[in-house]
Amino acid sequence: MALALIPTPPKTLPTSIPSTSTCSVPAPFPSCHHLLFLVKDCKTMTQLKQIHAQTLKTSSPSSSTLSYHTLFLYSRILRFSTLHDLHYASRLFNAIQNPNSFIFNTLIRAYASSSHHKSHSLLLYHRMLSQSIVSPDKYTFPFVLKACAFLFAISEGMQIHARILKLGFGSDAHVNNSLIHFYATCGYLDIARKVFDEMPQRTVVSWNVVIDGYVCWGEFETALGLFKEMVGKSFEPDKFTMQSVVSACAGLGALSLGLWSHVYVLRKFSREVADDVLMNNSLLDMYCKCGSLCVACQLFEKMPKRDVTSWNAMILGFAIHGCVDKALDALDRMCTVECLRPNSITFVGVLSAFNHRGLVREGRMYFDLMVSKYKIQPRIEHYGCLVDLLARAGFIEEALDVVSEMPMKPDVVIWRSLLDACCRKNGGIEVSELVARRIFELDEGEGMSSGAYVLMSRVYASANRWEDVGLVRRLMGERGIRKEPGCSSIEIDGFVHEFVAGDTSHVHSKEIYEALGEIEERIALMGYRPELSQAPLVAELNGEKENSLRLHSERLAIAFGLLNARPGAPIRILKNLRVCDDCHTVTKLISSVFGVEIIVRDRTRFHRFKDGLCSCMDYW
Ligand code: ZN
Ligand code: ZN
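The text that follows walks through the structure, step by step, so that each part is easy to find. (Residues numbered from 1 in each chain as written. Chains lettered and ligands numbered in written order. Predicted model: local features only at pLDDT ≥ 70, side-chain atom pairs only at ≥ 80, totals over all residues. Heavy atoms only, no water.)

## Quick word on the overall build of the protein
Part 1: A count of helical and extended segments in the protein gives 33 helices and six strands.
Part 2: For the protein, restricting intrachain contacts to residue pairs at least 6 apart in sequence, the fraction spanning at least 24 positions comes to 63%.
Part 3: Taking the average location of the 67 positive side-chain charges in the protein and that of its 64 negative ones, the two points are 8 Å from each other. (Helix = DSSP H or I, 4+ residues; strand = E, 2+ residues; numbered from the N terminus. Contact = heavy atoms within 4.5 Å. Lys, Arg positive; Asp, Glu negative; His and termini not counted. Charge placed at Lys NZ, Arg CZ, Asp CG, Glu CD.)

## Focus on the pattern of salt bridges
Part 1: Going through the model one piece at a time under the given rule, you end up with 22 salt bridges.
Part 2: For Arg-438, the salt bridge is made with Glu-441, and the minimal N-O distance between the two is 3.5 Å. Taken together, the residues Arg-438 and Glu-441, both in helix α26 (residues 429-442) and three residues apart, mark about one turn of the helix.
Part 3: Glu-441 sits in the partly exposed class, given a relative accessible area of 49%.
Part 4: With a shortest N-O distance of 2.7 Å, Asp-468 and Arg-465 are connected by a salt bridge.
Part 5: Here the salt bridges do not stand alone but share partners, grouping Glu-433, Arg-465 and Asp-468 into one network. (Salt bridge = Lys/Arg side-chain N within 4 Å of Asp/Glu carboxyl O. Buried < 20%, exposed > 50% of the residue type's maximum accessible area, 1.4 Å probe, protein only.)

## A closer look at the nonpolar core
Part 1: Counting 158 residues, the largest nonpolar core has Phe-141, Ile-160, Met-286 and Leu-418 as its most contacted members.
Part 2: Sequence-distant contacts of Leu-418, that is, excluding residues within four places in its chain, are made with Val-387, Ala-391, Ile-396, Ala-399, Leu-400, Val-403 and Val-435.
Part 3: Counting residues in hydrophobic clusters, the runner-up holds 31 residues, among them Ile-492, Ala-515, Leu-556 and Val-593. (Core = buried A, V, L, I, M, F, W, Y, C linked by side-chain atoms within 4.5 Å.)

## Considering the coordination of the zinc ion (ligand 2)
Part 1: Within the protein, His-584 (NE2), His-607 (ND1), Cys-614 (SG) and Cys-616 (SG) serve as the donor atoms for the zinc ion (ligand 2), at 2.0 to 2.2 Å.
Part 2: Considering all four donor atoms around the zinc ion (ligand 2), the spread of angles at the metal, 102 to 115 degrees, places the coordination shape in the tetrahedral class.
Part 3: Along the chain, the residues donating to the zinc ion (ligand 2) fall in the pattern H-x22-H-x6-C-x1-C.
Part 4: Judged by relative accessible area, which is 0%, His-607 ranks as buried. (Donors = N, O, S within 2.8 Å, 3.2 Å for Na, K, Ca; no water. Tetrahedral: all angles 85-135°; square planar, octahedral: opposite > 155°, others 65-115°.)

## Focus on the packing of helix α5 (residues 86-95) against helix α6 (residues 101-113)
Part 1: Where α5 meets α6, the axes come as close as 11 Å, and the angle between the chain directions of the two elements is 155 degrees. Classified by the angle their axes make, α5 and α6 are roughly antiparallel. For the crossing formed where α5 meets α6, the hand is left-handed. When α5 is examined against α6, the residues Leu-86, Ala-89, Ser-90 and Phe-93 are found in contact with a partner set consisting of Ile-103, Phe-104, Leu-107, Ala-110 and Tyr-111.
Part 2: Class assignment for the residues of the contact of α5 with α6 results in eight nonpolar, one polar and no charged. (Axes fitted to C-alpha atoms, helices over the stretch in contact; angles between N-to-C directions. Parallel < 35°, antiparallel > 145°, perpendicular 65-115°, else oblique. Left-handed = near helix turned anticlockwise from the far one by under 90°. Nonpolar A, V, L, I, M, F, W, Y, C, P; charged D, E, K, R; others polar.)

## Focus: the environment of Val-579
Part 1: Position of Val-579 among the secondary structure elements: in the loop between β3 (571-575) and α33 (581-593).
Part 2: Sequence separation between Val-579 and Asp-602 is 23 residues; the distance between their C-alpha atoms is 6.3 Å.
Part 3: Contacts of Val-579, omitting those with residues within four sequence positions, involve Glu-554, His-584, Val-600, Asp-602, His-607 and Trp-620.

## So, the environment of Lys-233
Part 1: Relative to the elements of secondary structure, Lys-233 occurs in the loop between α13 (220-232) and α14 (239-252).
Part 2: If near-sequence neighbours (up to four positions away) are discounted, Lys-233 is found in contact with Arg-202 and Trp-207.

## Here's the deal with helix α18 (residues 293-302)
Part 1: Buried within α18 we find Leu-293, Ala-296, Leu-299 and Phe-300. Taken end-on, α18 shows its buried residues confined to a sector of 125 degrees, consistent with a single buried face. Of the exposed residues in α18, the ones pointing more than 90 degrees away from its buried face are Cys-294 and Lys-302.
Part 2: On its buried face, α18 is in contact with α15 (255-268), α17 (277-289) and α19 (308-320). (Arc of directions from axis to C-beta.)

## What about the packing of α19 against helix α21 (residues 344-357)?
Part 1: Viewed as axis vectors pointing N to C, α19 and α21 meet at an angle of 10 degrees, and their least axial separation amounts to 8 Å. Our classification of the angle between α19 and α21 gives roughly parallel. Here α19 contributes Val-308, Asn-312, Ile-315, Leu-316, Ala-319 and Ile-320 to the contact with α21, which in turn contributes Ile-345, Thr-346, Val-348, Gly-349, Val-350, Ser-352, Ala-353 and His-356.
Part 2: Of the residues belonging to the contact of α19 with α21, the class tally is nine nonpolar, five polar and no charged.

## Examining the side chain of Ser-489
Part 1: The topology assignment puts Ser-489 in strand β1 (residues 487-492).
Part 2: Apart from the residues within four sequence positions on either side, Ser-489 is in contact with Leu-252, Val-496, His-497, Glu-498, Arg-572, Ile-573 and Leu-574.

## Describing the sheet that holds strand β5 (residues 606-610)
Part 1: As summarised here, the arrangement of the six strands in space is β2-β1-β3-β4-β5-β6, forming an open sheet in which the pairing is mixed. What marks the edges here is a single partner per strand, and that holds for β2 (495-500) and β6 (613-614).
Part 2: Judged from the four bridges that link them, strand β4 (residues 598-601) and β5 form a sheet pairing that is antiparallel. Within β5, the position partnered with Ile-598 by the bridge is Phe-609. (Pairing = 2+ DSSP bridges.)

## Re the pairing of β4
Part 1: Judged by which residues are buried, β4 turns out to be covered on both faces: Ile-598 and Val-600 on one side and Ile-599 and Arg-601 on the other are all buried.
Part 2: As paired elements, β3 and β4 share four bridges and run parallel to each other. Note on β4: the bridge partner recorded for Leu-574 is Arg-601.
Part 3: After leaving β3, the chain enters α33 and then returns to the sheet as β4, a path that is right-handed.
Part 4: The antiparallel hairpin formed by β4 and β5 contains four residues in its connecting segment. (Right-handed = clockwise from strand over helix to strand, strands pointing away.)

Given below as structure tokens:
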């Protein structure tokens, strides 16, 4: 019975659409089978419209008694037109009196995949439900959920989830994958995980969507944990899995796992995948962010194809390593040798390269060149770079001028970089107060201003205004604002070890503190005395200034690295905050006393400590 419903192509193949205009004897209407065959071979909308016209001669889509074959023919015409002319498709859809679920799904899918009409797929889904003639099926949900994810339509997506369960599609892998993607995209990682955990059957795609969800929200360790579980359960990672894993390694600064991923890609995948520009861009970004600039350069030179993103990754890589000349060389090669047009991200890289070296004149020049020569309108990120560059170099007034003249409203990030500079460069209490006020106004209730409170208390403390320090502290307490804790991580043999300031939770804590004691003894012999102004103010009250400094998280991570890293291999540390002056001095001394290279990625850049010096040349 079912077989008889599937249209079969005609035995003799029509070579063109029969013409009815010139023959004296009217030609017979081509059959539904003929037309269906023609749709399959259709190349242009003009051809499709001719077929559509022929179809209309035999039966109108508004007829309530369309045969299955005619309905199938209309669905094919609709399918083709969704790919080439969505407006035409929607008009055809509206003319069909009794669209079946396949026809609904075709247009829902087209809207969900379009760049501007994603919300139409939800409207169509709603129409499908309200007409109650056809019911959504397992092919409907993935597309409406895709639209919900794009539109961040949480409550609509949740209603769809409820309907999925009601209609009994709760165990379908494809539908569940779409649900995981929807929840993860909208930031509901816990629900995404619940759907994933409760799936009766998972596919590689299920693992990919859940891993990618965690990577997108910066939960790299969970992503890597899931990846290990996936491999342990004998699922073969594909190129999408590996791209997410490489991004997680970049986020965590986990170089050895990143290297392992690169080898895996080279060994397991075809040449085509290994040469894929997206894959290579992820690897490039990973090597740059893990502090392996040399490997990044080698990979970059060997890439068979490079796009603007590849050049941007390299320029940003040079910038965070403080290699301003190489960043400019890359910009020049990109424009003159490969004839690629730099975009706004390219200039974020170029400007931050100047920022990390404190090159104010050059930074201003390239900011102007970006507009005049490359016709790129500066965005808030570019103004952010310029303000930070000026302020950190001590030109606070000029930085404030840029802020007041920029065409868009400065954001919290810009004000925070200004306050940071005021604090470090003694920008004055009045200016600091003005800047802090802007931060508190913008960040009301967002909880992102804890750094501003801490900086303000430092500003008051440096002016010996202890009453104001107390006031700031009280405000922080009343408003429930906590200082963001310093946190450093180090990867040893594929495992990431994390330390917070004063951490004693590590299983090898005893050995770590013994190593820390030995470090202190040896650097004291070199003449080291702690820079107590960097200690937290609260430690002042408890007389624990020195102790609080020695327990900064990166020192614990470095001590752990000295105990466990392979001989001769650099110690790589990732820190969530900016390195303080005292830790910078200590790390330089350790690199000299222990003859070890230490690479620290802090919130803004890389520091490469070797033989008692740092690659940032003490400007950071
Ligand atoms: Zn420190
Ligand atoms: Zn440094």
